[in-house]
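Chain residues, written in single-letter form:
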Amino acid sequence: MCLSARFWSAAGVRDDAVSELLAWYDRERRDLPWRRTRDPYAILVSEVMLQQTRVEAVIPYYLRFLERFPDVGALASATLDSVYEMWAGLGYYRRARNLQATAQAVVSLGGFPLVLQDLPGVGEYTAAALASIAFGRPAVALDGNALRVWSRYFAYEGAVMSVAARRFFTERVLGLIPADRAGDFTQAVMELGARVCLARQPRCLVCPLQSGCAALARGLTESIPKPSVKARREKVALCALRIFCGDRVLLERRERDPFLAGQWVTPWFFEPFSQVGPDYLARFPGGEPRRVGTVSHGVTFRDLTIEVWEWETSRESCDEEQRWAGLDARLPRLASLVLELA
DNA sequence: TAATCGTGGTA
DNA sequence: TTACCAAGATT
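Basis of the calculations
Residues numbered from 1 in each chain as written. Chains lettered and ligands numbered in written order. Predicted model: local features only at pLDDT ≥ 70, side-chain atom pairs only at ≥ 80, totals over all residues. Heavy atoms only, no water. Helix = DSSP H or I, 4+ residues; strand = E, 2+ residues; numbered from the N terminus. Buried < 20%, exposed > 50% of the residue type's maximum accessible area, 1.4 Å probe, protein only. Polar contact = N/O pair within 3.5 Å; in protein donor to acceptor, adjacent residues only side chain to side chain. Contact = heavy atoms within 4.5 Å.

Participant: Outline unusual backbone geometry, listing residues and values.
Facilitator: The omega torsion across Ile224 and Pro225 is 0°, close enough to zero to call that bond cis. Position of Pro225 relative to the elements: it lies in the loop between helix 11 (214-217) and strand 1 (234-245). At Gln201, a position not held by glycine, the phi torsion is positive, near 55°. Summarising the element assignment, Gln201 is placed in the loop between helix 10 (182-195) and helix 11. Judged by relative accessible area, which is 65%, Gln201 ranks as exposed. The phi dihedral of Leu260 falls on the positive side, at around 55°, and the residue is not glycine. As for its placement among the helices and strands, Leu260 is situated in the loop between strand 2 (248-253) and strand 3 (264-265).

Here it is as structure tokens:
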């Protein structure tokens, strides 16, 4: 790096980088629902929903959720079931429980704590995003977008997820944040990662940071950030049960099962029907079980093939302790697939 | 640190 | 069809 020192900060960032970035953001920013509010609660909801989830998928959930729970008090006092219901289909259901626990903590404390990371479901990234976007405090929010942007800008060739990498970026970026635009800075970096500094085929020609980007200068934009080695998807066969009582179907909630935690789903198992069928037939006696077919569904590192069986149980088994849902219930995708199977 | 948790989109 | 992955947190 032999360029004239007066154009570069000690951290290796060009003097004009921040103003170029913010000007680009002012010009190109998408009109997203959570960019129309300064309510910390609403911004928290958006940040939690956006964890590992695409913007387009979040928008309808965000709007419905805020309509149902318009403020932190409404969410804190809601039933957990109603919170799950609003989350059904969005995935990573632990987020729903943690979000309500956070709402209850905020009500109990009389406001957001100074250390946002103390809140359930609020990790390093979300705490920094909330601090900057909702409270205007300088904080470096390192999500997948920001890690890609900064690893390329500094040509960081190590593993970007490591503690060392995050410290490296935080040290260099924290001082760049304009005091009056901390939230815009955070969102501008992420917007840049989402729309310009793409994982594959980044659009460097239109990038507001192109003149200072070390990876671009050295032709490393394809090899940085270094791709992580991911486990192969494992193929898993399992079975699910559709047990009908008239026009309603049995749903269960297995609290202790980390998978689909707390969600209402049709009974399903990692074992074949021959192992679990007799047990359930004894509990819900009725007609002969019938193999309906199979459905496929990918979940993180597994490809599930689900063999679906169904039967009609006798009326006296339809007690009040079980939940018998109508077919129009809002359910996780996996349960919907099982019920939709013709 | 590494595994785990859903879903839907894309190349 | 397959692999990858998108505003991560938790254990």
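On we go.
Participant: Go over the side chain of Arg35 with me, naming the residues and quoting the values.
Facilitator: Within the fold, Arg35 resides in the loop between helix 1 (17-28) and helix 2 (40-49). You can call Arg35 buried: its relative accessible area is 16%. A polar contact of 3.1 Å, which involves the side chain of Arg35, links it to the backbone oxygen of Arg30. Other than its neighbours up to four places away in sequence, Arg35 contacts Tyr25, Arg29, Arg30, Gln187 and Glu191.

Participant: Explain helix 5 (residues 80-87) residue by residue, including any values.
Facilitator: The complete set of buried residues in helix 5 reads Ser82, Val83, Tyr84, Met86 and Trp87. On its buried face, helix 5 sits against helix 2, helix 3 (55-68), helix 4 (72-76), helix 6 (94-109) and strand 2. Looking one or two residues beyond helix 5, the residue adopting positive phi is Gly89, at roughly 105°.

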